[in-house]
Amino acid sequence: GGILDFQEGLDLLQCSGFADFISKLLWIAWDIQVQQVFFAEAHRLEALGLLSKLFVCPSKGARVCAGLLLANALCHAQLGDREREAQAAQGLRQLTEEMACCGESQEPEDQEVRTFVAGLGQSAERFTRILTCAQAPWQQHHGQLPDEEHPLWAGATFSLWCLLRMRPDPARLADLRPALPAVAQGGPPRARWLAGELLLQLQLQVSAQLPSPNSEAIVEMNIQERGALEFALQEMFEHTRSGLHSQLSESSQVIETQQRLIEERQQPLPIASNGSTSDGWHQPLEATLAKLKTSRQELSGALADAERQRKSAETAVREVLEMDNSDLSQAEDQAMDQQLQSMRQTEAEYLARCHEQEQQSSALRSQEEEVATANAAMENAEKVLQEMRSRIASYEADISTQQRDVQNKRTMASSDMQAARNHLSMELEGIKQKQTKLRERALQLQAEMQGDGSSDASKEMDRLKVEAGRLKGRAAELTQELQAASIDPQQLEQQASAAESAVQHLAEQRDQLRGELQGLEEEHSQARSEWQQAVSSLQHARQEKEVADLQSSSLRRQLEGQWASWHPLWSKRLQAWRLRSQALAKAARGAELLAKAAQRAWDQLRREAELRHQTLADVEALQHQLAALAHDLSSIEDSIL
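Trainee: Which parts of the structure should I look at to understand unusual backbone geometry?
Mentor: The phi angle of most residues is negative, glycine excepted, and most peptide bonds adopt the trans form. A positive phi angle is found at Ala-77, which is not glycine, with a value near 55°. Note that Ala-77 resides in the loop between helix 5 (60-75) and helix 6 (82-100). By relative accessible area, which is 54% here, Ala-77 ends up exposed. A positive phi angle is found at His-142, which is not glycine, with a value near 55°. Here His-142 shows up in the loop between helix 8 (124-139) and helix 9 (151-166). His-142 gets classed as exposed once you look at its relative accessible area, which sits at 78%.

Put into structure tokens, the structure is as follows:
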């Protein structure tokens, strides 16, 4: 509905500002869904009519935007049939040829076009649309270049022109760049030349220092791009130079023809206008003669302008014709080729070494992991071994304790314990008496401390507490020993036998653990052997990695030296191609201006012819009036006089 409503305002597209606004608004929203809606069957003809109006509007920027809109529609097959696609492709080819003449022109209009185009690809999404159009011919044909007449080439060629004028960062063209050499050698003529110019632009941005190391064959890429670049630019140079020479010759012949025609029209009129503005029978002829005189004066100016443009174009074309294609001597060219081949070999060795270096790094990381695993296994085996040894030591300590207990019980069972019990009872009684005296003394000291708080009393109280603790401990020991001495000998013998059985059981368990210990020691020894072997392999891997690093660094330095020697010669050749391109653009612009000047002269000659025919008509009308006047005057009878 919106497109149908817009039909009434199509005439507004003749206003440059409005056309720029509409075209850019469409381009911002121009995704697949919008294209499908825009070219829907219900209003496809109206949509194509809108694009056609943009194609012929006065604004170059709007026409460029319309070209991108149509190129995207071609890329995504939105036009409906082959006939429309062929018409759209033809329109894009014409637009590309028209815009290609802009080149590096410093004319304000052309500078505005380049600025406008640069703004069309600022966002990543819109830049991707242009890249998609540029890559469509081979991406939609399984990586093969289609026939030169295929409609997709028209959109791709125009997109290449846009990319060339945008001057994007090389990183943004990373996906397109590998295909440019093939396009520069196998695409349609204008696509070949634009691909060559784009490669020249990219090569001019290559640093004099060898780029950072990566997996790409930089030298091999430069060899391919160099061959494609020089093939395409040489073809463009020869074709354009020949075309400019022919165009200049034709324009010169046209101007000479115009000069003869204008000189013939510079002869004074037998009857000239006297500048009178009064009304009268001769007034129409007088006005026509004045216009004819003005037109013939303008013819002189048009001829002078065409002559100036012809001289300027001749100078630019002569500069192109006299250009020497051999910017390097044969010896320098051969030296550069030899350096390229040497760099190619060095780069192949360097990349192979880098690949080996990556493999060594991977092997080193794997070996480090193996060492870590082996070390963990060895530490775990050692931990288990130590735990087993600790358990065996604990069993042996228990066995020793139990054996002493058995011996003590049997000794006690076979001994007379009455004397021991008497001795223990007497000693325990003595301790109780001492504890009684200590308590009495403590009560006295407490009274003294409450009276004057003497420090000596406090110290003595502390000493009494220590002594009381010692006596209490000894009393507990004596009580325990007295209880043991009071046990029945037969009961002691039974306890000794039970303890002896327990000792025997502990000994069996200990022997079993010693058998397990032997197996754990073997496992620990095996784990340690594996760890040592892994460490040895790790050292070997590190040595190989260091050797690979050293060789890679050496080849890198060698490649950098060769690059530093070769790049100035290549840079000199690139600058020569750049100067040729600029000279071609200047000559093409001069030829274009000359053609426009010649066209203006033809327009002035046609205007003069129209005025001359009008003058003839006025003269014929005046002759009829004079003849009628003569007849009227001669018909009067004078015989009577």
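The structure having been displayed, the exposition proceeds.
Trainee: For this particular structure, what's the right way to read the environment of Leu-616?
Mentor: Within the element layout of this structure, Leu-616 appears in helix 17 (residues 489-634). Under the relative-accessibility criterion, Leu-616 is labelled exposed at 52%. Through-space distance from the C-alpha of Leu-616 to that of Thr-288 is 9.5 Å; in sequence the pair is 328 residues apart.

Trainee: Before we go on, may I ask you to explain the pattern of salt bridges in this structure?
Mentor: Close approach of charged atoms allows side chains with opposite charge to pair. Following the criterion strictly, the structure yields 25 salt bridges and no others. Across the salt bridge formed by Glu-521 and Arg-389, the nearest N and O atoms sit 3.2 Å from each other. Within this pair, whereas Glu-521 is found in helix 17, its partner Arg-389 is found in helix 14 (residues 330-414), the two being separated by 132 residues in sequence. For Glu-521, a relative accessible area of 32% translates into the label partly exposed. One network of salt bridges, with partners in common, ties together Arg-226, Glu-230, Asp-337 and Arg-573.

Trainee: What is the right way to read a nonpolar patch on the surface from this model?
Mentor: On the surface, Leu-626, Leu-629, Leu-633 and Ile-636 cluster together to form a nonpolar patch covering roughly 390 Å² of accessible area. Its place among the elements puts Leu-629 in helix 17.

Trainee: It is not clear to me how the packing of aromatic side chains should be interpreted in this structure. Could you clarify?
Mentor: The way to describe two aromatic rings as a pair is by their centre distance and the angle between their planes. Taken as a whole and assessed by the stated rule, the structure comprises 7 aromatic pairs. Taking 5.0 Å as the distance between ring centres and 80° as the angle between the ring planes, the aromatic pair formed by Phe-38 and Phe-39 counts as edge-to-face. Given a relative accessible area of 6%, Phe-38 falls into the buried group. A ring pair is formed by Phe-158 and Trp-161, whose centres lie 5.8 Å apart and whose planes are at 25°; its orientation type is stacked. Placement of the pair is Phe-158 and Trp-161 together in helix 9, with a separation of 3 residues, close to one helical turn. In this structure, Phe-158 and Trp-161 share a single accessibility class: buried. Taken together, the ring pairs connect Trp-30, Phe-38 and Phe-39 into an aromatic cluster. A cation over an aromatic ring shows up here: Arg-172 above the ring of Phe-127, its NZ or CZ 3.9 Å from the ring centre. Seen from the ring of Trp-577, Arg-580 lies directly overhead, with NZ or CZ sitting 4.1 Å from the centre.

Rules and cut-offs
- Residues numbered from 1 in each chain as written.
- Predicted model: local features only at pLDDT ≥ 70, side-chain atom pairs only at ≥ 80, totals over all residues.
- Heavy atoms only, no water.
- Helix = DSSP H or I, 4+ residues; strand = E, 2+ residues; numbered from the N terminus.
- Buried < 20%, exposed > 50% of the residue type's maximum accessible area, 1.4 Å probe, protein only.
- Salt bridge = Lys/Arg side-chain N within 4 Å of Asp/Glu carboxyl O.
- Patch = residues over 30% accessible without salt bridge, like charges linked within 9 Å, V, L, I, M, F, W, Y side chains within 5 Å.
- Areas by Shrake-Rupley, 256 points an atom, 1.4 Å probe, with all protein chains shown as cover.
- Phe/Tyr/Trp six-rings, centres within 6.5 Å; stacked < 30°, edge-to-face > 60°.
- Lys NZ or Arg CZ within 6 Å of the ring centre and 35° of its normal.

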